[in-house]
Amino acid sequence: MALFFAMLLVSISASAQDTPAVEMATGLYQSGKIYVVVTVISVIFIGIVTYLVMLDRKISKLEKEIKK
Amino acid sequence: MKKNWWKVVAVVFVLYTIIAGFLFNVPAQPILHETIRNLYFHVPMWFSMMTILFVSLWHSIKYLSKSNIESDIVASQAAHTGMLVGALGLITGSIWAKYTWGAWWVADTKLNGAAITMLIYLAYFVLRGSIDEEQKRARIAAVYNIFAYVMLVVFLMILPRMNDSLHPGNGGNPGFNKYDLDSTMRMVFYPAVIGWILLTVWIFTLRVRLEKVKRKLLYND
């Protein structure tokens, strides 16, 4: 009987150590729609970078004109 | 183009982190779930802020030794850029906190420390705005800026190590230990830090150049 309880205890503590599955956005990855999110954010970032490049050029032009 | 290679590096690194940051595997952690990916975007803001504010400090010290007004312009523009990334860090952190810790703001050492640091730097701009004479303004602002950076080190690096925090590695090293970041995450996180720092430096150099052009036009010096 004591052995039975000891085994029960061990099995309970073992199952308690199994961490419950953490919910992740598995569906978004399986359907492939995560690529839409990545594309949108990439477009926004490239847009901002293009803006920075244009600003950079404008300032370079001003610097050249002032030097003249 | 030869001079601008680092801007290309900045763009490529950040673009890589946007793609890899969403597509690479991350460890499934309770509470965090997919928000663990915020690490790639929120934390580099603070790295960028500390770097650019160090640039500001450096030029303030330079001003005090050489009294060249150009150093003062660079220092103030670096501090401005630091406030931009700092504000983004605070806002993104607040959003992240709402969905993991349950509130927009919690009395955490790092949160309050970051907020106080921002206020100290805002006072730097108030101080600058209140002095008309240029050399005097530059000198007082430079001295204050050294004090401000010391406070930043206290609030963001020393106090979090002495108190408990909800951030990873709480009550000890405020950085990550080997259990917080796995090797896939490191592959995204480190390029993210480098990319965002370089991008911040780029914005900062634009500000400095614009300010110099403005001064040339206004005062012809």
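Computed from a predicted model, the values in this text were never measured in an experiment.

Caption draft 1: Up close: the overall build of chain A. Within chain A one finds 3 helices and 0 strands. Counting every atom, chain A has about 5700 Å² of accessible surface; 70% of that belongs to carbon and sulfur.

Caption draft 2: Inspection of the packing of helix 4 (residues 109–129) of chain B against helix 5 (residues 134–162) of chain B at higher detail. Residue and element names in this part refer to chain B. Put simply, helix 4 and helix 5 touch, their axes get as near as 9 Å, and they point 180° apart. With respect to their mutual orientation, helix 4 and helix 5 come out roughly antiparallel. In terms of residue class, the contact of helix 4 with helix 5 is made up of 19 nonpolar, 4 polar and 3 charged.

Caption draft 3: Up close: the nonpolar core. Grouped together as the largest cluster of nonpolar side chains are 44 residues, with contacts concentrated most on Phe 45 of chain A together with Met 49, Leu 53, Tyr 121, Tyr 124, Leu 152 and Trp 202 of chain B. Among all residues touching Phe 45 of chain A, those that are not within four sequence positions of it are Val 11, Val 14, Leu 15, Ile 18 and Leu 199 of chain B. With 14 residues, the next largest nonpolar core counts Met 24 of chain A together with Ala 20, Trp 96 and Val 193 of chain B among its residues.

Caption draft 4: The side chain of Ser 60 of chain B, seen in detail. Residue and element names in this part refer to chain B. Of note, Ser 60 is situated in helix 2 (residues 39–66). Given a relative accessible area of 2%, Ser 60 falls into the buried group. Every residue in contact with Ser 60, bar those within four places of it in the chain, is listed here: Ala 75, Ala 142 and Asn 145.

Caption draft 5: Structural context of the interface of chain A and chain B. Taken together, the 23 residues of chain A in the interface contact 25 residues of chain B. Interface area, chain A with chain B, both sides summed: about 2200 Å², of which 80% is carbon and sulfur. There are 3 salt bridges connecting chain A and chain B. One salt bridge in this structure joins Lys 7 of chain B and Asp 56 of chain A, with 2.8 Å as the shortest N-O distance. Connecting chain A to chain B are 9 residue pairs in polar contact (both at pLDDT 80 or more). In terms of residues, the side of chain A that touches chain B owes the most to one element, helix 3 (residues 34–67) of chain A, which gives 18 residues. When the residues that make up the side of chain A that touches chain B are grouped by side-chain class, the tally is 18 nonpolar, 2 polar and 3 charged.

Caption draft 6: Local environment of the environment of Glu 211 of chain B. Residue and element names in this part refer to chain B. By the secondary structure assignment, Glu 211 is in helix 6 (residues 183–219). Glu 211 sits 58 residues away from Val 153 along the chain, and the two C-alpha atoms are 28 Å apart. Excluding residues within four positions of it along the chain, Glu 211 makes contact with Ile 73 and Gln 77.

Caption draft 7: Spatial organisation of the environment of Val 153 of chain B. Residue and element names in this part refer to chain B. Note that Val 153 resides in helix 5. Since its relative accessible area comes to 27%, Val 153 is described here as partly exposed. As for Val 153 and Leu 15, which are separated by 138 residues in sequence, their C-alpha atoms are 30 Å apart.

Caption draft 8: A look at the packing of helix 2 of chain B against helix 6 of chain B. All names here are of chain B. The interhelical angle for the contact between helix 2 and helix 6, taken along N-to-C directions, is 45°, at an axis separation of 8 Å. Put simply, helix 2 runs oblique to helix 6. In this structure, helix 2 crosses over helix 6, and the sense of that crossing is right-handed. In this structure, helix 2 uses Leu 39, Tyr 40, Val 43, Pro 44, Met 45, Phe 47, Ser 48, Thr 51, Ile 52 and Val 55 to contact helix 6, whose residues at the interface are Met 185, Val 188, Phe 189, Ala 192, Val 193, Trp 196, Ile 197, Thr 200, Val 201 and Phe 204.

Caption draft 9: Geometry of the confidence of the model for chain B. Residues and elements named next belong to chain B. Chain-level statistics for chain B give a pLDDT mean of 91 and a share of 94% at 70 or above. Of all secondary-structure elements in chain B, the lowest mean pLDDT belongs to helix 6, at 93, while helix 2 reaches the highest, 96. Predicted complex, confidence summary: ipTM 0.82, pTM 0.86.

Caption draft 10: Just helix 4 of chain B, in detail. Residue and element names in this part refer to chain B. Compared with the 30 Å implied by 1.5 Å per residue over 21 residues, the 30 Å span of helix 4 between its first and last C-alpha is a close match. Of all the residues in helix 4, the buried ones are Thr 109, Lys 110, Leu 111, Gly 113, Ala 114, Thr 117, Met 118, Ile 120, Tyr 121, Tyr 124, Phe 125 and Arg 128. Residues of helix 4 that are buried sit in contact with helix 2, helix 3 (69–100) and helix 5. The residue sitting at the N-terminus of helix 4 and contributing the capping side-chain oxygen is Asp 108; that oxygen lies 3.0 Å from the backbone nitrogen of Lys 110.

Caption draft 11: Quick peek at unusual backbone geometry. Residues and elements named next belong to chain B. Its identity as a non-glycine residue notwithstanding, Ile 31 has a phi of 70°, on the positive side. Here Ile 31 shows up in the loop between helix 1 (5–23) and helix 2. Although it is not a glycine, Ser 67 adopts a positive phi angle of roughly 55°. Here Ser 67 is to be found in the loop between helix 2 and helix 3. Overall, the relative accessible area of 45% leaves Ser 67 in the partly exposed class.

Cut-offs and rules
Residues numbered from 1 in each chain as written. Chains lettered and ligands numbered in written order. Predicted model: local features only at pLDDT ≥ 70, side-chain atom pairs only at ≥ 80, totals over all residues. Heavy atoms only, no water. Helix = DSSP H or I, 4+ residues; strand = E, 2+ residues; numbered from the N terminus. Areas by Shrake-Rupley, 256 points an atom, 1.4 Å probe, with all protein chains shown as cover. Axes fitted to C-alpha atoms, helices over the stretch in contact; angles between N-to-C directions. Parallel < 35°, antiparallel > 145°, perpendicular 65-115°, else oblique. Nonpolar A, V, L, I, M, F, W, Y, C, P; charged D, E, K, R; others polar. Core = buried A, V, L, I, M, F, W, Y, C linked by side-chain atoms within 4.5 Å. Buried < 20%, exposed > 50% of the residue type's maximum accessible area, 1.4 Å probe, protein only. Contact = heavy atoms within 4.5 Å. Buried area = accessible area lost by both parts, 1.4 Å probe. Salt bridge = Lys/Arg side-chain N within 4 Å of Asp/Glu carboxyl O. Polar contact = N/O pair within 3.5 Å; in protein donor to acceptor, adjacent residues only side chain to side chain. Left-handed = near helix turned anticlockwise from the far one by under 90°. pLDDT = per-residue confidence, 0-100. Expected span 1.5 Å × (residues − 1).

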